[in-house]
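# Observations on the three-dimensional arrangement
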Protein chains: 2
Amino acid sequence: MRISELGEFGLIERVQEWTREPGHPVNGAVSAACRAVVDNGDDAAAVAFVSDQVTELYTTDTMVAGIHFTSETTPWRDLGWKAIASNVSDVAAMGGTPAFALVTLGLPADTLVDDVKELYGGMTEICREFGTRVIGGDMVRSPVAFITVALTGIAAGNPMVRTAARPGHLVGVTGPVGGSAGGLRAMLEVSGSAGTDREQLKLIHRRPRPHVAEGRILVANGVDSAMDVSDGLADDLGKLCAASGVAAVIRADGVPAEPALKSVFAEDWLDLALYGGEDYVLLFTAPPAVMSAVIGQLPNSAAVVGEITDGPAGTVTVLDPDGSTRHRSGAGWDHFG
Amino acid sequence: MRISELGEFGLIERVQEWTREPGHPVNGAVSAACRAVVDNGDDAAAVAFVSDQVTELYTTDTMVAGIHFTSETTPWRDLGWKAIASNVSDVAAMGGTPAFALVTLGLPADTLVDDVKELYGGMTEICREFGTRVIGGDMVRSPVAFITVALTGIAAGNPMVRTAARPGHLVGVTGPVGGSAGGLRAMLEVSGSAGTDREQLKLIHRRPRPHVAEGRILVANGVDSAMDVSDGLADDLGKLCAASGVAAVIRADGVPAEPALKSVFAEDWLDLALYGGEDYVLLFTAPPAVMSAVIGQLPNSAAVVGEITDGPAGTVTVLDPDGSTRHRSGAGWDHFG
């Protein structure tokens with residue numbers, strides 16, 4: 001059945017059915033701060049705050065069919081997961097815990113109702129995983145499918161920002177990079193064999209896991225400078241440096257990557273790790289003493305990858321193990337290029 | 001210049017320039033409750049609450065080119081105004097004051113930079129008018145232009161909801177209806193003369209003014225059942241009745257409309273008033289004693305238009321002055337129909 005046959009209100013009813021989860025708890029950090037008092041279905045949702053020491057985070061992220069995803073590489077269920085994941089990752093990058101989501105769907109009239117159900121299935125999965133909830137949204141007809149998620153979060157302590165990197169800071173990542181780009185490449189390769197390593201990479205691409213716990217560890221240890229890696233390690237470090245008015249050096253031999261990535265793409269893994277997007281690990285900077293304290297509390301794959309330097313704001317230099325400057329092969333991602 | 005020539009980061013810089021307003025205050029109700037501590041340009045925006053008696057509202061609304069607007073009837077500046085206005089209206093319908101907005105733009109790569117500037121100009125105008133601010137968002141490439149706004153608000157007292165209408169309540173509106181639909185029709189009529197009345201209707205369509213002050217008057221007087229009129233008085237009353245499990249009667253001779261509407265569309269004004277959308281006045285229900293107390297505090301054009309009855313949930317009957325049932329000419333707006 002197509003959504004045009006069901007009509008707007010029929011579809012809204014179905015969505016309420018698919019997303020109804022009696023007793024589905026929000027996570028502890030959120031319920032200590034606030035509770036939803038008006039849920040889906042009114043002009044606006046309403047959240048009552050029960051503490052006066054709350055800093056709330058707001059973020060939003062959009063995926064457009066044919067630009068950010070295709071039905072070939074992203075089934076509807078994965079699309080639902082990823083649309084929430086990229087927002088959860090932004091909240092994680094501030095050191096917060098995700099709270100409430102508004103979901104906007106733009107859909108062609110001939111979209112299958114079953115596909116929309118799958119989409120909500122993926123969103124429900126990740127919401128349950130991270131203890132967050134969809135409390136509102138909008139559904140509109142559109143010639144091209146898109147999904148916009150706006151997400152709130154509750155900050156633990158001072159939010160980590162992009163403007164706080166200082167020369168002398170070390171640069172760390174909370175986990176391996178390049179896996180998502182490797183998974184996407186594995187999907188697109190016609191000749192690609194099956195193989196466990198390839199399947200692992202595809203799963204990383206399909207179901208990225210935002211580093212919420214890692215973000216809270218960073219904040220608890222006094223880190224105040226961070227962002228998430230969504231457009232690639234080198235590009236995103238460039239953005240953080242630009243916002244802070246500093247430069248940075250990445251040491252290629254310090255960049256952590258999944259063994260599966262190194263095995264499947266033995267030649268290119270470092271390019272994928274440096275320039276591939278959608279990893280959703282956190283990139284952070286801290287004075288050496290803070291860095292050495294925090295790195296031991298993070299998962300094993302967390303690593304120091306370089307340092308912040310004086311220099312033209314936003315410049316990132318990648319050094320190969322022999323000390324020579326590495327030049328990138330491809331161009332970065334420009335949303336309007 | 002087209003946005004593809006400027007690139008994503010060039011465009012983001014321009015937007016920050018266009019939206020920078022040093023000292024631009026948020027309204028009093030908002031600054032008493034919270035303040036922005038991380039603004040545009042980071043992974044997420046952050047708002048610190050300074051009171052523990054706050055109920056926050058969240059809403060989102062989307063406009064897609066070719067579906068909800070066309071460049072013929074909605075210049076970019078008006079589009080910016082309207083995209084914020086429909087969200088402010090949702091906050092008003094809960095009795096709240098608008099606070100912070102996240103703006104997502106999906107734009108074709110050949111969009112003119114000057115058009116984007118106009119769009120932000122319209123958003124800035126209405127934000128200034130209502131004391132609210134854009135603190136974040138997302139910009140993505142899309143084959144079809146769309147604009148999604150997510151808006152928070154601060155509730156004054158208990159939020160008014162759609163589920164609280166009861167048999168015996170009277171039904172009121174906070175202002176005239178049909179003006180926006182009349183303005184749209186005036187724009188589309190090739191043969192339409194100029195005339196002051198037509199210009200007034202066009203302005204109502206182009207620059208709707210959400211009823212924030214009116215919503216606060218309703219809450220202050222104990223009204224707990226309301227929504228905004230975005231899809232047409234009769235349709236929206238049907239939604240409110242469906243949510244409350246009740247029916248309603250509208251008395252056609254009680255429906256308020258601008259004199260300009262009655263003058264320009266002498267034959268059809270009542271159909272435009274009953275079934276035309278985007279008026280953004282508030283529709284509310286209350287026991288007779290509450291209604292008579294509140295109606296005198298609202299603008300003169302506020303009026304009682306009918307009553308809530310027992311009957312099949314969501315059914316709205318329109319009675320003509322002679323007591324006969326009025327049948328509608330056209331079908332309602334279905335987003336996927």
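What comes next concerns the included structure. Because the structure is predicted, anything quoted here is derived from the model rather than measured. (Residues numbered from 1 in each chain as written. Chains lettered and ligands numbered in written order. Predicted model: local features only at pLDDT ≥ 70, side-chain atom pairs only at ≥ 80, totals over all residues. Heavy atoms only, no water.)

## Topic: the overall build of chain A
Cut-off, in case you're wondering: Only runs of H or I of at least four residues qualify as helices and only runs of E of at least two qualify as strands under DSSP, and these elements are numbered from the N terminus. Each radius of gyration reported is based on C-alpha atoms, and the globular scaling rule is 2.2 Å times the count of residues to the power 0.38. Exposure categories follow from relative accessible area, calculated using a 1.4 Å probe and restricted to protein chains: below 20% of the type maximum is buried, above 50% is exposed, and the middle band is partly exposed. What sets the accessible areas is the Shrake-Rupley method with a 1.4 Å probe; for residues, cover comes only from the shown protein chains. A residue counts as positive if it is Lys or Arg and as negative if it is Asp or Glu; His and the chain ends are not included. Charged side chains are reduced to one point each, which is NZ for Lys, CZ for Arg, CG for Asp and CD for Glu.
Of regular secondary structure, chain A possesses eleven helices and 13 strands. Its C-alpha radius of gyration of 21 Å places chain A within 12% of the 20 Å reference for a compact globule of 337 residues. In terms of principal-axis extent, the alpha carbons of chain A reach across some 65 × 55 × 35 Å. Considering chain A as a whole, with its 337 residues, one finds that 57% of them fall into the buried category. Split by element, the accessible area of chain A, about 12,500 Å² in all, is 50% carbon and sulfur. Taking the average location of the 24 positive side-chain charges in chain A and that of its 42 negative ones, the two points are 3 Å from each other.

## Regarding the interface of chain B and chain A
The condition is simple: Any pair of residues with heavy atoms lying within 4.5 Å of one another is described as a contacting pair. The term buried area means the drop in 1.4 Å probe accessible area that two parts suffer when joined, counted for both and summed. When a carboxyl oxygen of Asp or Glu lies within 4 Å of a side-chain nitrogen of Lys or Arg, that pair is called a salt bridge. Distance and chemistry together define a polar contact, namely a pair of N or O atoms within 3.5 Å, with one atom able to donate a hydrogen and the other to accept it when in protein, and with adjacent residues in sequence counting only for side-chain atoms on both sides. Ten residue types, Ala, Val, Leu, Ile, Met, Phe, Trp, Tyr, Cys and Pro, are classed as nonpolar, four, Asp, Glu, Lys and Arg, as charged, and the remainder, Gly among them, as polar.
Taken together, the contacts link 66 residues of chain B with 66 residues of chain A. For the chain B and chain A pair, buried surface summed over both sides reaches about 5,400 Å², with 62% attributable to carbon and sulfur atoms. Where chain B meets chain A, there are four salt bridges. With its nearest N and O atoms 3.0 Å apart, the salt bridge here joins Asp43(A) to Arg162(B). The interface formed by chain B and chain A holds 18 residue pairs in polar contact (both at pLDDT 80 or more) in total. In terms of residue count, the dominant contributor to the side of chain B that touches chain A is strand β3 (residues 55-64) of chain B (nine residues). Of the residues in the side of chain B that touches chain A, the class split is 36 nonpolar, 17 polar and 13 charged.

## Some words on the packing of helix α5 (residues 179-188) of chain A against helix α6 (residues 196-206) of chain A
Residues and elements named next belong to chain A. Applicable threshold: In this analysis an axis means a line fitted to C-alpha atoms, helices contributing only their contacting stretch, and an angle means the value between N-to-C directions, from 0 to 180 degrees. By the definition adopted for this analysis, an angle is roughly parallel if under 35 degrees, roughly antiparallel if over 145, roughly perpendicular if from 65 to 115, and oblique otherwise. Handedness of a crossing is defined here by the sense of rotation of the near helix relative to the far one, left-handed for an anticlockwise turn of less than a right angle and right-handed for a clockwise turn.
Put simply, α5 and α6 touch, their axes get as near as 7 Å, and they point 115 degrees apart. Comparing the axis directions of α5 and α6 gives the class roughly perpendicular. Of the two elements, α5 crosses α6, and the hand of that crossing is left-handed. Facing Gly 179, Ser 180, Gly 182, Gly 183, Leu 184, Ala 186 and Met 187 of α5, the residues of α6 in contact are Arg 198, Leu 201, Lys 202, Ile 204, His 205 and Arg 206. Of the residues that constitute the contact of α5 with α6, the class distribution is five nonpolar, five polar and three charged.

## Section: the pairing of strand β8 (residues 225-228) of chain B
For a regular strand, side chains alternate in direction, first toward one face of the sheet and then toward the other. All names here are of chain B. So the rule is basically this: When DSSP finds two or more bridges between two strands, those strands count as paired.
Residues Ser 225 and Met 227 point to one face of β8 and Ala 226 and Asp 228 to the other, with burial holding for every one of them. Where β8 lies against strand β10 (residues 282-286), four bridges are found, and the strand directions are antiparallel. Within β10, the residue paired with Ser 225 across the bridge is Thr 285.

## Comments concerning the side chain of Ser142(B)
With respect to the helices and strands, the residue Ser142(B) is situated in the loop between β5 (133-141) and β6 (146-155). Using a relative accessible area of 1% as the deciding quantity, one classes Ser142(B) as buried. Contact partners of Ser142(B), with chain neighbours within four places excluded, come to Val64(A), Val144(A), Gly106(B), Leu107(B) and Pro108(B).

In short, shape yes, function no, at least from these values alone.
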